[in-house]
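One-letter residues, chain by chain:
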2 protein chains.
Amino acid sequence: MTQNADPSQSTTKRYRTPDGVPADIVMFTLTKRERKTVTKTLPIRELKVMLIRRKSWPCAGMWALPGGFCRESESIYDAATRELKEETGVDGGHLEYLGVYSDPGRDPRGWIISHAFYALVEEWMLEHRQAADDAEEVGLFTVSQALDELELAFDHRRIILDAYRQIQQQMLQTTIAKQFLPEEFTLSELYQVIQTVVPEFKEPNFIRKITSTRSRQGILEEVRNEDGKPVSSNQYSQRPAQLYRFTDHTPLLSMYT
Amino acid sequence: MTQNADPSQSTTKRYRTPDGVPADIVMFTLTKRERKTVTKTLPIRELKVMLIRRKSWPCAGMWALPGGFCRESESIYDAATRELKEETGVDGGHLEYLGVYSDPGRDPRGWIISHAFYALVEEWMLEHRQAADDAEEVGLFTVSQALDELELAFDHRRIILDAYRQIQQQMLQTTIAKQFLPEEFTLSELYQVIQTVVPEFKEPNFIRKITSTRSRQGILEEVRNEDGKPVSSNQYSQRPAQLYRFTDHTPLLSMYT
DNA sequence: GTAATAGTGTCTATAAGACATTATCCC
DNA sequence: GGGATAATGTCTTATAGACACTATTAC
């Protein structure tokens, strides 16, 4: 079949058309819990995903990704943006397309083709949800909890798994780490964020590599005040640490060079 | 709106549903043209994309990506696989998902949400198309021709541009180069293929880097015969060159290490 | 002072980058 | 032998990787 086929004839039931095209969002957040130690230290961070317990058929009682159906007047991305806004009550948060989930029978309601997104939001943005719609149960789970311990609706386990892999890859190959950090941060914080999302990541000489290898120079820049003096912070350590921020530059990686 | 909304009620016209969900394929091929020189040399390679000239409304006369509508009994990926098979007459060819294109009004026929794929096929696979359906005009264009010189249907220019960027990135970060090469190949061939797809790629010491840096050791392996002797080929050069093949290993790249 | 984390010194092995040189074939 | 491409030698500089060491703060 080629695209010359005319689906406007679907009104005459010549073709079956989908029953709905939702956008589902894997909402990640990096929780930050202060440690109650005698001395200054980095908080404990954990990667979590927000899920909603379904109340009605289908998959009643199971945990599912927040989502909503796309309207004719908007693109799928618009729908996801709108949904994210409705869930968090604020604009903002990093939203990215993940993929399409269209296996026949994936949704007992009919021919439902779902578009998955993942969002990186701040923890406080999720509190709105709990207040706004207290009729629905909302949960924040670690990724391994979600994947291994919960009963998930539809093919949402697969989606969460795909999103997790995607975010891990992006954490290493792009600068999305900035979504989980304040504008200015220390290198220990950055390292901790990377390790929280990608536990396998180990780099003993992290500070030195970032600061003194030319090929990585462009990624970060030192924060300086008006006088050009380096700015540091002792929020998380006894000895103050230099603050950095991301530049706009993302290097193009290659396995051949 | 949350996913509790029930789209099965769309039969009662409570919700508008899409009029069709096609899969469109950006079919890339790397053409290979022998040079008529006195001495052995690499062929001229060019990255091309296959397009079809539309005969009927909408966008009649314009060039468009091959594609077809998805059926209820198959996933989008299935539909693309089927379409690729119909276009080329053979199974095979690398097929990968690119993204969803859903801007309102992108297709005058109605609410049509298109899913773009890109395929890497061999040149001979495209000849079938010309023979099979000679009623439709088929064209092979370089990417810059397609982007700059042709009048393209729908949002297909955007799709081709996205696919081009994607394939360039993948050429450097994955081993898709193998899709454009025979099982066994020389390093000059590999280098040429990379450069054809990513003209900016320059690496004077390419051979040495591949063969003598530990971090890249895993990507390729030397071809050896039964006796363990290295196998070389003089197909494209006077002095025979060592043959290589890709291993299953694709390194995980990181901008921080 | 001590504890704690930030950051540097130092040394070795490996890799990058730029050329020059040699090797192996075709003609 | 001459021409062409493959592959290695060589030299300089940069980076990786491992640890020991110094620096700056809190308490």
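All values derive from a computational prediction rather than experimental measurement.

So, on to the protein's contact with DNA strand D. Taken together, 20 residues surround DNA strand D, and among them Arg216 and Gln238 of chain A together with Ser188, Arg208 and Arg239 of chain B come closest. Near the protein, within 4 Å, the atoms of DNA strand D are sugar or phosphate in 60% of cases. Contact between DNA strand D and arginine 214 of chain A: a phosphate oxygen at 3.0 Å from a main-chain N or O atom of the residue. A distance of 2.4 Å separates a phosphate oxygen of DNA strand D from a polar atom in the side chain of serine 188 of chain B.

We now examine the nonpolar core. Phe28, Leu190 and Tyr256 of chain A together with Phe28, Leu190 and Tyr256 of chain B are the most contacted members of the largest nonpolar core, which has 94 residues in total. Leaving out residues up to four positions away in the same chain, phenylalanine 28 of chain A has contacts with Leu47, Lys48, Val49, Tyr118, Ala119, Leu120, Val121, Val143, Ala163, Tyr164 and Ile167 of chain A. Counting 43 residues, the second-largest nonpolar core is a separate cluster that includes Met50, Ala79 and Phe117 of chain A together with Met125 of chain B.

The next subject is helix 1 (residues 76-88) of chain A. Residue and element names in this part refer to chain A. With 13 residues, helix 1 extends 18 Å from end C-alpha to end C-alpha; this agrees with the ideal 18 Å at 1.5 Å per step. Of the residues making up helix 1, those classed as buried are Ile76, Ala79, Ala80, Arg82, Glu83, Leu84, Glu87 and Thr88. Of the residues flanking the end of helix 1, it is glycine 89, one or two places downstream, whose phi is positive at about 80°.

We now examine the pattern of salt bridges. Under the definition given, this model contains 32 salt bridges over all chains. Close ionic contact of arginine 45 of chain A with glutamate 189 of chain A constitutes a salt bridge, the shortest N to O distance being 3.1 Å. A residue pair is termed long-range when its members are at least 10 positions apart, and arginine 45 of chain A in strand 2 (residues 44-53) and glutamate 189 of chain A in helix 5 (residues 187-197) qualify at 144 residues. Across the salt bridge formed by lysine 85 of chain B and aspartate 91 of chain B, the nearest N and O atoms sit 3.9 Å from each other.

Taken together, 22 residues lie around DNA strand C, and Ser188, Arg208 and Arg239 of chain A together with Arg216 and Arg239 of chain B are the ones closest in. Restricting attention to atoms of DNA strand C within 4 Å of the protein, one finds that 62% of them are sugar or phosphate atoms. Measuring from a phosphate oxygen of DNA strand C, one finds a backbone N or O atom of glutamine 242 of chain A at 2.6 Å. Contacts to DNA strand C include arginine 208 of chain B, whose side-chain N or O atom sits 3.2 Å from a base nitrogen. Elements with a minimum of two residues in the surface near DNA strand C: helix 6 (206-212) and strand 11 (241-246) of chain A together with helix 6 (206-212) and helix 7 (214-217) of chain B. Within the surface near DNA strand C, the residues separate by chemical class into four nonpolar, 11 polar and seven charged.

Criteria and thresholds
Residues numbered from 1 in each chain as written. Chains lettered and ligands numbered in written order. Predicted model: local features only at pLDDT ≥ 70, side-chain atom pairs only at ≥ 80, totals over all residues. Heavy atoms only, no water. Near = heavy atom within 4 Å. Polar contact = N/O pair within 3.5 Å; in protein donor to acceptor, adjacent residues only side chain to side chain. Core = buried A, V, L, I, M, F, W, Y, C linked by side-chain atoms within 4.5 Å. Buried < 20%, exposed > 50% of the residue type's maximum accessible area, 1.4 Å probe, protein only. Contact = heavy atoms within 4.5 Å. Helix = DSSP H or I, 4+ residues; strand = E, 2+ residues; numbered from the N terminus. Expected span 1.5 Å × (residues − 1). Salt bridge = Lys/Arg side-chain N within 4 Å of Asp/Glu carboxyl O. Nonpolar A, V, L, I, M, F, W, Y, C, P; charged D, E, K, R; others polar.

Just distances and angles here, no functional claims.
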